[in-house]
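Spelled out from the first residue to the last, the chains are:
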Amino acid sequence: MFISKMAAEGGGKEMNEIKTQFTTREGVYKLLTHSEYSRPNRVPFNSQGSNPVKVSFVNVNDQSGNGDRICFNVGRELYFYIYKGVRKAADLSKPIDKRIYKGTQPTCHDFNHLTATAESVSLLVGFSAGQVQLIDPIKKETSKLFNEERLIDKSRVTCVKWVPGSESLFLVSHASGNLYLYNVEHTCGTTAPHYQLLKQGENYSVHTCKSKSTRNPLLKWTVGEGALNEFAFSPDGKFLACVSQDGFLRVFNFDAVELHGTMKSYFGGLLCVCWSPDGKYIVAGGEDDLVTVWSFLDCRVIARGHGHKSWVSVVAFDHYTTSVEESDPMEFSGSDEDFQDQMIHFGRDRANSTQSRLSKRNSTDSRPVSVTYRFGSVGQDTQLCLWDLTEDILFPHLPLSRTRTHTNVMNASGPPAGANTITNTSSNATNGSNSGASTPGVNSLSTTLPRSNSLPHPAGPTVTANNTNKTTGGGGPSSGSGTGGIIDSAIATGVSKFATLSLHDRKERHHEKDHKRNHSMGHISSKSSDKLNMLTKTKSDPAKTLGTLLCPRMEDVPLLEPLICKKIAHERLTVLIFLEDCLVTACQEGFICTWARPGKVGLLSSQNQASSPSGTVV
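This is a predicted model, so every value here is computed, not measured.

Observations regarding the sheet that holds strand S34 (residues 592-596)
Reasoning step 1: The strand order across the open sheet formed by 5 strands is S1-S2-S34-S33-S32, and the pairing between neighbours is antiparallel. Bordering the open sheet on either side are strand S1 (21-24) and strand S32 (573-578), each of which pairs with just one other strand. Direction aside, the axes of adjacent strands within the sheet are offset by 20° on average.
Reasoning step 2: Across 5 bridges, S32 lies against strand S33 (residues 582-587) in antiparallel orientation. Bridged to Leu 573 within S33 is Cys 587.

Considering the sheet that holds strand S15 (residues 204-210)
Reasoning step 1: An order of S11-S12-S13-S16-S15-S14 is seen for the 6 strands of this open sheet, with the pairing classed as antiparallel. Looking at the sheet topology across the chains shown, the edges are occupied by strand S11 (157-162) and strand S14 (194-201). Ignoring which end each strand starts from, the neighbouring axes of this sheet average 20° apart.
Reasoning step 2: Where S15 meets strand S16 (residues 219-223), 5 bridges bridge the pair, whose relative direction is antiparallel.

Points about the confidence of the model for the chain
Detail in the predicted coordinates should be disregarded across regions flagged by low pLDDT.
Reasoning step 1: Confidence along the chain averages 74 in pLDDT terms, with 63% of residues attaining 70 or more.
Reasoning step 2: For the stretch residues 508-538, pLDDT sits under 50, and the model shows 45 contacts to residues farther than four places along the chain or on other chains.
Reasoning step 3: Confidence over residues 605-618 falls short of pLDDT 50; this stretch has 25 contacts with residues more than four positions distant or in other chains.

Structural notes on the side chain of Thr 382
Reasoning step 1: Locating Thr 382 in the fold gives a position in the loop between strand S27 (369-379) and strand S28 (383-389).
Reasoning step 2: Within the local environment of Thr 382, its side chain forms a polar contact with the side chain of Lys 567, the two groups lying 2.9 Å apart.
Reasoning step 3: What Thr 382 contacts, discounting residues up to four positions off in sequence, is Lys 566, Lys 567, Ile 568, Ala 569, His 570, Glu 571, Arg 572 and Leu 573.

Some thoughts on the packing of aromatic side chains
Reasoning step 1: Within the structure shown, the criterion is met by 26 aromatic pairs.
Reasoning step 2: Measuring from centroid to centroid gives 5.8 Å for Phe 80 and Phe 111, while their planes differ by 50°, and the two rings are tilted. One end of the pair, Phe 80, is in strand S5 (residues 77-82); the other, Phe 111, is in strand S7 (residues 106-111), with 31 residues separating them in the sequence.
Reasoning step 3: A relative accessible area of 2% means that Phe 80 is categorised as buried.
Reasoning step 4: Judged by centre distance (5.7 Å) and plane angle (65°), the rings of Phe 146 and Tyr 182 are edge-to-face. Residue Phe 146 is located in strand S10 (residues 141-146), and its partner Tyr 182 is located in strand S13 (residues 178-183); the two are separated by 36 residues in the primary sequence.
Reasoning step 5: Residue classification places Phe 146 among the buried positions, given a relative accessible area of 2%.
Reasoning step 6: Classification of Tyr 182 as buried rests on a relative accessible area of 0%.

What counts and what doesn't
- Residues numbered from 1 in each chain as written.
- Predicted model: local features only at pLDDT ≥ 70, side-chain atom pairs only at ≥ 80, totals over all residues.
- Heavy atoms only, no water.
- Pairing = 2+ DSSP bridges.
- Helix = DSSP H or I, 4+ residues; strand = E, 2+ residues; numbered from the N terminus.
- Axes fitted to C-alpha atoms, helices over the stretch in contact; angles between N-to-C directions.
- pLDDT = per-residue confidence, 0-100.
- Contact = heavy atoms within 4.5 Å.
- Polar contact = N/O pair within 3.5 Å; in protein donor to acceptor, adjacent residues only side chain to side chain.
- Phe/Tyr/Trp six-rings, centres within 6.5 Å; stacked < 30°, edge-to-face > 60°.
- Buried < 20%, exposed > 50% of the residue type's maximum accessible area, 1.4 Å probe, protein only.

In structure tokens, the structure reads:
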């Protein structure tokens, strides 16, 4: 079912009406009004001047089968509830934990899913004044406060996340543009930290903390210009995507501290970022009102989506609706009903199946695989948009028997005569094919791109010669060496303190000893540092990036239109999370809404429908 933008938006009064349900090819998504979470008294919240409402989920493996927990911040308050989702109505009278802060406000938070139990959870909370707190809302304990005296950074915390696979490492970004790596086992010290250069490249530098005893932060990253608005780890935890107020998406090999690739927004800052379930694509959104799809393998923009009328605040992939189906070469068979039946729902153990099935695209001995990625976005225009990224965008050279999404593929007839052929000559752009052989079905498909302008292709987001990316193999996040590479490199430079980073405390999935990287960080001498400083200080002129690989013109890439585009709130939207049986949204008024997926609304029993207007069960 295809819905045009005009039809999706409606007109007149309908355009301003708050929607409580919407329809996609899977069926009808319905707002469960009795499953709405908020402050217990539900008094209207003055959202002006407050930090965005954020939501975090964790499952504590409760024996009762109701192990989901939700945390959200509203103004100066932080709440922790049992999350009943589509099963039962919300009981707002009984928060497990509630905290009210003075002089500062919570801005973001993140649970450690690795250590969560029914008796204890580790929750990190970032604040507007720059501090980070570690709390246990089940035990109602406050363990530690980091950057307490604001000696490390005085600016607002924009994003905080546990390092995947680690029980003790976490990463914090600030409005200063800095990113810090902490270990919960270490203190922050009583004086301002002194730093020692570890690595430097184009518009980024990384420093270690220079002290006699181990202390936080273990690393300080300075990335781009202006605030670092959000970051996200790849599904395998090896790569880090950052979006900044300077409008750049920068993707790093986290363990090797190396730049993999960059992308520039059409204009304005980038505010949000997320990875596809298989780590092959990144979607970013921001002040250009667009969602931009970037290929990790090819280091280039492959599509933009236009549906929002204001800044895009959140982008997120729907792991449960993303689908994969094998098909005969050059043919996509089956009806829409068949396609719906073949939808793959990725559960909590989805990682292996997602990686293996989606990686079939890169296999030379298997049939082509038809892929549809579903992602969503919400913005300050109070609208929710859902998007499908389909094979006609991912593999534009393949003929299609049908189109599964309403897309306006400009210049889709093929490259004009004399158009440039994209040859990835920069060191980082060839990460996926350093051996010289294109990856079948991926790199080979993107060697040409329809263009209306014969524009020169600059080296773009290249890493300096000394920092050449060493990623090998397929180039995706699943390739490359293990987490020990950064340790070996640091020791090679004699920076013994950096060894306290102790990435060994990650729950390693691979214990092979053949993953040492062949590069050394010892090349950073005073002379080379001077040269790198000159490179780092060069500012990117937005006008010069337009029309290049960093930022293609609008007519140079396919333009997606949303499957649905619905106004679902009175205030700007700040949260979009896809769960197995529902999706969750939140607005700046402090209301967290649950939307039941098709066929799931019946799980809410009639008994729970008889609830009071306040949302508490009668």
